[in-house]
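# Overview (structure and organization)
Given next are the chains, with one letter for each unit.
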Amino acid sequence: MDRIPKYISILLILSFAGILSAQNDTYTVTANSWPSDFSSFESFRDTNASTSQGAVIVLLAALSIYSKNAEEGKKALIICLDANSLIADTSPNGYKGFNINRNTIDLVKRQLEQHPYLIGSYLPGSSFQNGYKPSNPPYTFSLTSNRFSGTEESGQKKLFLPSSGADTPRPVTVKRNAKGIWKASEFSSLLVGIKKPATSNPADDL
């Protein structure tokens, strides 16, 4: 009689482990090129934003552009962010009738000004030792999910992107819009500071 409860317990443990294993997945996104301005970003967005994992990399590309050119980067962010991060704006400051809401754009501006090397830490080839300077494309990104990440079918998913300057991957939540395009909904953790890059000793150059 004692064997039955033990057998059931083992089955429950194995089933639970199987569920966890199935929900802790890895997703690979390969970018053969990397957009350097808004003109190259639009086609990049169209190519990659049809999947949840691709949308995270699209957001990263928009932030990368912003770190080099705020005006071009702002337009890139407008077309890759979920509607909750946007406001109507038909003035010349907007793009296609929209702009980024104040809280979101202030966070992006403040964090990238304080940590200009931050976005580089998410790109392949970067490291604390090399000042977070990435290698040249093509890039291959590996993202992960967990059992709380949601599903593709629900239209909302949380994925985790590693940084070479942080101990753990950082979450980004993306949502699928009515046209089937995935857009970034919550990404504040992506903008948290990282370990400061190594600085060279001036005496080394003597």
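These remarks concern the structure in this document. (Residues numbered from 1 in each chain as written. Predicted model: local features only at pLDDT ≥ 70, side-chain atom pairs only at ≥ 80, totals over all residues. Heavy atoms only, no water.)

## Details of helix 5 (residues 102–114)
- Counted at 1.5 Å a residue, the expected span for helix 5 with its 13 residues is 18 Å, and the 18 Å between its end C-alpha atoms agrees.
- Those residues of helix 5 that sit buried are Thr104, Ile105, Val108, Gln111 and Leu112. Taken around the axis of helix 5, the buried residues stretch over an arc of 145°, which confines them to a single face. Exposed and facing more than 90 degrees away from the buried side of helix 5 are Arg102, Asn103 and Glu113. (Helix = DSSP H or I, 4+ residues; strand = E, 2+ residues; numbered from the N terminus. Expected span 1.5 Å × (residues − 1). Buried < 20%, exposed > 50% of the residue type's maximum accessible area, 1.4 Å probe, protein only. Arc of directions from axis to C-beta.)

## Re the packing of aromatic side chains
- Taken as a whole and judged by the stated rule, the model has seven aromatic pairs.
- Between the aromatic rings of Trp34 and Phe44, the centroid separation amounts to 5.5 Å while the plane-to-plane angle is 80°, which identifies the pairing as edge-to-face. Note that Trp34 is positioned in the loop between strand 1 (26–31) and helix 2 (38–48) and Phe44 in helix 2, a separation of ten residues in sequence. Assigned by exposure class, Trp34 and Phe44 land together as buried. (Phe/Tyr/Trp six-rings, centres within 6.5 Å; stacked < 30°, edge-to-face > 60°.)

## With respect to unusual backbone geometry
- Cis geometry is found at the peptide bond from Pro137 to Pro138, where omega equals 15°.
- By the secondary structure assignment, Pro138 is in the loop between helix 5 and strand 4 (139–144).
- One non-glycine residue with positive phi stands out, namely Lys96, at about 55°.
- With respect to the element layout, Lys96 can be found in the loop between strand 2 (86–88) and strand 3 (98–100).
- Its relative accessible area of 61% is what places Lys96 among the exposed residues.
- For Tyr132, which is not glycine, the phi dihedral falls at a positive 60°.
- Mapped onto the elements of the fold, Tyr132 is located in the loop between helix 5 and strand 4.

## Quick notes on the environment of Phe44
- On the accessibility criterion, Phe44 (7% relative accessible area) is buried.
- As a C-alpha pair, Phe44 and Ala62 span 18 residues in sequence and 10.0 Å in three-dimensional space.
- Those residues within four positions of Phe44 in sequence are excluded, and the remaining contacts are Ala31, Ser33, Trp34, Pro35, Ile57, Val58 and Ala61. (Contact = heavy atoms within 4.5 Å.)

## Here we look at the nonpolar core
- Counting 50 residues, the largest nonpolar core has Trp34, Phe41, Leu59, Leu77, Phe141 and Phe187 as its most contacted members.
- With eleven residues, helix 3 (residues 52–68) is the largest single contributor of residues to this core.
- With sequence-adjacent residues up to four places away left out, Leu77 is seen in contact with Leu59, Ala62, Leu63, Tyr66, Ile100 and Val108. (Core = buried A, V, L, I, M, F, W, Y, C linked by side-chain atoms within 4.5 Å.)

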